[in-house]
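Results of the structural survey
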Amino acid sequence: MENQIILNQIIILAILVAVGVLATKLRVINESVKDGMAKLIFQITLPLFIITSMARIDLTAEIILNSGLVFLYAFLAFFIMFLTGTLFARLTGLQGKQRAVFINHHIFGNIVFLGFPLMDALFPGGEGLLYAAIFQLASNIIMWSFGVWIFIRSNGTPAGGLAKNMLNPNTIALLVGLVIMYFKFRIPDVIFEPLNGLGKTTIYLSMLYIGAMLSYMSIKGALKKFHIYLLSFNKLLFVPAILAFIIYGLSEWITPGFGPVARKVLVLESAMPCMAIIVVLAKRFNSDDALAAENVFFSTIASLFTLPLVYSGLIWIETWI
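Residues numbered from 1 in each chain as written. Predicted model: local features only at pLDDT ≥ 70, side-chain atom pairs only at ≥ 80, totals over all residues. Heavy atoms only, no water.

**As for the side chain of Ser299**
For Ser299, the position within the fold is in helix H14 (residues 289-320). Polar side-chain contacts of Ser299 include one of 3.4 Å to the backbone oxygen of Val296. (Helix = DSSP H or I, 4+ residues; strand = E, 2+ residues; numbered from the N terminus. Polar contact = N/O pair within 3.5 Å; in protein donor to acceptor, adjacent residues only side chain to side chain.)

Right under this line is the structure:
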C-alpha cells in the first residue's frame, strides 16, 4: 500500500515537472518568472506550509524525542555524505571548482522543493513534514557555514551574510510552528483555511519550478561526464543505504525510541537529488555553476526511479528488525 503511495506521488510530481518544462518551452515561464516563483515559494508559500502543517500536530513525548534525534542524526548523515564526496572526489581526480561542487552536491539535496511535498504525501498529518523541516534546519546550519567554506576554499572568494542566510523565513516558520505546537494554540478557521490553502500550493509551484529549471540545462553536457553518474549513484542509493543500516542499527541498540516515521524521513531526505540552491551558490562564489546545473538535472531525473527503491528498501529493513 505504502509503495503504491510513493509510486503514485512520484508519478504526480513527474507530471507536474513535465508541465513546468512544457510551460518553459512555450515561454509561459521565462527566466524572470522562474526566479519569481523561487522567491514566492521560499518566502511565502513554504513558510505557510510548514506552520499550518505543524499546527495540526498533537505534540507528544514521542514526537519531541524523535525531533531531537532527527536533528542529531541529520549531522551524522551530512558527515557521511561529506566523507563520501571527499573520497570519490579524490578517486576521480577532481580539483578546484569542480571538486567543490562535487562535494557540496554530495552533502546537500533537494530536501525542500522535492522532499517536503513527498514527505507530506507519504506521512500525512504533519509529522513527516515536521521531521523534514528539522532536517532542513540542520542542512541550513551546515550549508551556510561549511558548504560556503568549501566554495571559498576552492577559489578564495570572500563570504558574507552567514547569519542572515541561516535566519530565513523557513527557519522562522519552524520556530513559529514549534511555539504553536508547544502551547497548543488553535488558529481560527477563518485564518487557518486561506493560509493552509496557500501553503499547499508549495507542492505545485515547487514542481513547476524544478521543471522550469531543468528546461534550461544541458542534457548532452551531463551525459558525457562519468563523475555525474558517480555522484548520482552515491547521492541517491549508496549513501542512503549506508545511512539506513547505521540509523536502524543505532536506533535498535542506542536510541530504541526513534520512531519508524522519523527514521524513514531521515533516510529519504538524505536520498534526495542534488540541491538546486548549490547552482546559485556556485555562481555567487565564482565556482563551476554549469557543472552544478548538470548535476541537478541528471540526479533529479534519476531520483524518479531511485526514491521508490530506497523506500522499498526501508520497508524491507523494518520487516527484519
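**Regarding helix H2 (residues 31-54)**
With 24 residues, H2 extends 33 Å from end C-alpha to end C-alpha; this agrees with the ideal 34 Å at 1.5 Å per step. Maximum bend of H2: about 45°, positioned at Ile41. (Expected span 1.5 Å × (residues − 1). Bend = angle between axes of the 7 residues up to and from the residue.)

**Description of helix H12 (residues 260-270)**
H12 sits mainly inside the fold: nine of its eleven residues count as buried. Regarding H12, the residues found buried are Ala262, Arg263, Lys264, Val265, Leu266, Val267, Leu268, Glu269 and Ser270. (Buried < 20%, exposed > 50% of the residue type's maximum accessible area, 1.4 Å probe, protein only.)

**Remarks on the environment of Ile12**
Looking at where Ile12 falls in the secondary structure, it is placed in helix H1 (residues 2-25). Among the residues examined, Ile12 registers a relative accessible area of 43% and is labelled partly exposed. For Ile12 and Ser303, which are 291 residues apart along the polypeptide, the C-alpha to C-alpha distance reads 14 Å.

**Thoughts on the nonpolar core**
In terms of nonpolar packing, the biggest core is built from 104 residues, with Phe116 and Leu130 touching the most fellow members. The greatest single-element share of this core, amounting to 14 residues, is contributed by helix H6 (residues 127-155). Filtering out sequence-adjacent residues up to four positions away, Phe116 remains in contact with Leu46, Phe49, Ile50, Ile111, Leu129, Ala132, Ala133, Gln136 and Glu269. (Core = buried A, V, L, I, M, F, W, Y, C linked by side-chain atoms within 4.5 Å. Contact = heavy atoms within 4.5 Å.)

**Re a nonpolar patch on the surface**
Where nonpolar side chains cluster on the molecular surface, the patch consists of Val179, Tyr182, Phe183 and Phe185 and spans about 460 Å² of accessible area. In this structure, Phe183 sits in helix H8 (residues 169-183). (Patch = residues over 30% accessible without salt bridge, like charges linked within 9 Å, V, L, I, M, F, W, Y side chains within 5 Å. Areas by Shrake-Rupley, 256 points an atom, 1.4 Å probe, with all protein chains shown as cover. Salt bridge = Lys/Arg side-chain N within 4 Å of Asp/Glu carboxyl O.)

**Describing the pattern of salt bridges**
Counted by the stated rule, this structure contains three salt bridges. With its nearest N and O atoms 3.5 Å apart, the salt bridge here joins Asp35 to Lys34. A relative accessible area of 36% means that Asp35 is categorised as partly exposed. Among the ionic pairs, Arg186 bridges to Asp189, the shortest N-O distance being 3.3 Å.

**Overview of the environment of Ile29**
Within the secondary structure, Ile29 is located in the loop between H1 and H2. When the C-alpha positions of Ile29 and Asn295 are compared, they lie 22 Å apart, and in sequence the two are 266 residues distant. Residues contacting Ile29, with those up to four places away along its chain left out, are Gly20, Ala23, Thr24, Lys34, Met37, Ala212 and Tyr216.

**Some points on unusual backbone geometry**
Despite not being glycine, Arg27 shows a phi value in the positive range, around 65°. Within the element layout of this structure, Arg27 appears in the loop between H1 and H2. Given the relative accessible area of 74%, Arg27 is considered exposed.

Read these as layout, nothing more, since geometry by itself doesn't imply function.
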